[in-house]
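Structural overview for review
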Amino acid sequence: MKRFIKIAGIASAGIVIILAILLFLISTGLFNNWISGTVCRIANQQLNAQLRIEQIEGNPLSHLHVKKIQLTQNNSKLIELEELEIKYNIWKIVEKKLQITYLKLNGTSVFLQQGKDNLWNIEKLIPLTENPEPKVPSSPFSWVVELTDVSVKNFEAKIVANDSTKLIPENV
């Protein structure tokens, strides 16, 4: 029995040490390049566009500061964001709550263009599926989304529409 307790104690201590090292590596931001690469790779597979993130700083468990985000489609920029800063409480996910205490968007540039098919370039981001029937969720979205402080600075939008009546401004 003493041997079992000794082995269980050593195994538990090993697990705690490994978890502490993992938590330290995550909290110091050493995984940020991996996060950036993974997000870009998945987005590029799922979208009819290319996502590029230049740099991510911060602690993924509480806050991130992302610099130079670009979303391009057919070699033209759809969305460009100089800086995104976000602070959140990741532990609220357990309660089905997205709690964002601070969100700052700086240097946002959006280019919207209506094609000859009257579809906007942003509508073509998600590839068409073979089965165009809309999927009805089995249950409604039951998460709480809480945004405490939101800031948008230096926002610019260029809009090119087919409509000749000019109801939509070209620049915002």
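Some words on the overall build of the protein chain
- The helix and strand tally for the protein chain stands at 2 helices and 7 strands.
- Tracing the protein chain from N to C terminus, the helices and strands come up as α-α-β-β-β-β-β-β-β.
- Across the 172 residues in the protein chain, those meeting the buried criterion constitute 27%.
- Within the protein chain, contacts between residues separated by at least 24 positions form 51% of all contacts whose residues are at least 6 apart in sequence.
- Taken as a whole, the protein chain presents about 12,700 Å² of accessible surface, with 62% of it coming from carbon and sulfur.

What about unusual backbone geometry?
- Backbone geometry places K68, a non-glycine residue, at a positive phi of 55 degrees.
- Of note, K68 is situated in strand β2 (residues 63–73).
- Here K68 falls in the partly exposed class, since its relative accessible area comes to 29%.
- Located in the positive-phi region is N74, a residue other than glycine, with phi close to 55 degrees.
- Considering the arrangement of structural elements, one finds N74 in the loop between β2 and β3 (76–89).

Section: the pairing of strand β7 (residues 156–160)
- Along β7, the buried face is formed by A157 and I159; none of E156, K158 and V160, which line the opposite face, is buried.
- Two strands pair when backbone bridges link them, and strand β4 (residues 97–113) and β7 are joined in this way by 5 bridges, in the parallel orientation. Of the residues in β7, the one forming a bridge with S109 is E156.

Quick look at the pattern of salt bridges
- The tally for this structure, following the rule as stated, stands at 8 salt bridges.
- Between K67 and E57 there is a salt bridge whose closest N-O contact spans 3.6 Å. Taken together, the residues K67 in strand β2 and E57 in strand β1 (residues 50–59) connect sequence positions 10 residues apart.
- Taking the relative accessible area as the measure of exposure, K67 reaches 28% and is therefore partly exposed.

Considerations on the layout of surface pockets
- Its volume calculated, the largest pocket comes out at about 250 Å³.
- Taken together, 13 residues line the largest pocket, and the ones lying closest to its centre are V39, L51, I53, I69 and L84.
- Of all the secondary structure elements, the ones that give two or more residues to the lining of the largest pocket are β1, β2 and β3.
- Of the residues in the lining of the largest pocket, the class split is 13 nonpolar, no polar and no charged.

Section: the packing of aromatic side chains
- Applying the stated criterion across every chain, the model contains 0 aromatic pairs.
- The lysine or arginine in question, K87, covers the ring of Y102, its NZ or CZ lying 5.3 Å from the ring centre.

Concerning the confidence of the model for the protein chain
- Residues at a pLDDT of 70 or more form 88% of the protein chain, whose mean pLDDT is 85.
- Here helix α1 (residues 2–27) stands out as the element of the protein chain with the lowest mean pLDDT, 77, in contrast to strand β6 (residues 150–153), whose mean of 95 is the highest.

Thresholds, definitions, all that
- Residues numbered from 1 in each chain as written.
- Predicted model: local features only at pLDDT ≥ 70, side-chain atom pairs only at ≥ 80, totals over all residues.
- Heavy atoms only, no water.
- Helix = DSSP H or I, 4+ residues; strand = E, 2+ residues; numbered from the N terminus.
- Buried < 20%, exposed > 50% of the residue type's maximum accessible area, 1.4 Å probe, protein only.
- Contact = heavy atoms within 4.5 Å.
- Areas by Shrake-Rupley, 256 points an atom, 1.4 Å probe, with all protein chains shown as cover.
- Pairing = 2+ DSSP bridges.
- Salt bridge = Lys/Arg side-chain N within 4 Å of Asp/Glu carboxyl O.
- 1 Å grid on protein atoms, 1.4 Å probe; cavity = no way out; pocket = protein on both sides within 12 Å on 5 of 7 lines; lining within 4 Å.
- Points joined across faces, edges and corners; volume = space filled by probe spheres on them.
- Nonpolar A, V, L, I, M, F, W, Y, C, P; charged D, E, K, R; others polar.
- Phe/Tyr/Trp six-rings, centres within 6.5 Å; stacked < 30°, edge-to-face > 60°.
- Lys NZ or Arg CZ within 6 Å of the ring centre and 35° of its normal.
- pLDDT = per-residue confidence, 0-100.

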